[in-house]
Amino acid sequence: MTSHKLLIELTLVPAGRHLAFSKEMLEKVHVYRRVVAEGDGWQQVATNARSPFIDTEPFAAGTTLEYHVQHFTQQDTFEGHSNIVRTTLN
């Protein structure tokens, strides 16, 4: 397990949902999203993402979305995941 904190921050911007997260230099970070009301499982929306990542996929007003990121080494060994962040779109 890594020694750094696996942080994530979600901000709504005109282009979509702005996700800023911690990432070590050689680490791979994958972004996951789920639509809460639909009871869907987690969907990977970005592979080896850079921070910040902006999710621009359109959703209807009132949709609640959750995100988290998973951290992997260069050899694809799972290191951990961030907390879950949530927003409801206006």
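Residues numbered from 1 in each chain as written. Predicted model: local features only at pLDDT ≥ 70, side-chain atom pairs only at ≥ 80, totals over all residues. Heavy atoms only, no water.

Colleague: Looking at this model, I keep getting lost on the packing of aromatic side chains. Mind explaining?
Modeller: In this description, a pair of aromatic rings is defined by centroid distance and the angle of the planes. Evaluated as defined, the whole model comprises one aromatic pair. An angle of 65° between the planes, with centres 5.5 Å apart, marks the rings of F72 and F78 as edge-to-face. On the accessibility criterion, F78 (42% relative accessible area) is partly exposed. (Phe/Tyr/Trp six-rings, centres within 6.5 Å; stacked < 30°, edge-to-face > 60°. Buried < 20%, exposed > 50% of the residue type's maximum accessible area, 1.4 Å probe, protein only.)

Colleague: In this structure, what is going on with the pairing of strand β3 (residues 28-35)? I would like to understand it.
Modeller: Consecutive side chains of a regular strand alternate in pointing toward one face of the sheet and then the other. Extensive coverage of β3 is indicated by the burial of seven of its eight residues. In this structure, β3 lies alongside strand β4 (residues 43-46), joined through three bridges in antiparallel fashion. Its bridge partner lying in β4, Y32 is registered against Q44. (Helix = DSSP H or I, 4+ residues; strand = E, 2+ residues; numbered from the N terminus. Pairing = 2+ DSSP bridges.)

Colleague: Would you mind going over the sheet that holds strand β2 (residues 16-21) with me for this structure?
Modeller: Adjacent strands of a sheet pair through backbone hydrogen bonds, lying either parallel or antiparallel. With respect to topology, three strands assemble into an open sheet ordered β1-β2-β5, the strand pairing being antiparallel. The open sheet is flanked by β1 (8-13) and β5 (53-55), the only strands paired with a single partner. Within this sheet the neighbouring strands show an average axis-to-axis angle of 25°, counted without direction. (Axes fitted to C-alpha atoms, helices over the stretch in contact; angles between N-to-C directions.)

Colleague: How do you make sense of the side chain of T63 when you look at a structure like this?
Modeller: Tracing the backbone shows T63 in the loop between β5 and β6 (64-72). One polar contact links the side chain of T63 to the main-chain carbonyl oxygen of A60, over a distance of 2.7 Å. (Polar contact = N/O pair within 3.5 Å; in protein donor to acceptor, adjacent residues only side chain to side chain.)

Colleague: What should I look at first to understand the pairing of β1 in this one?
Modeller: With six bridges connecting them, β1 and β2 associate as antiparallel partners. Bridged to T11 within β2 is H18.

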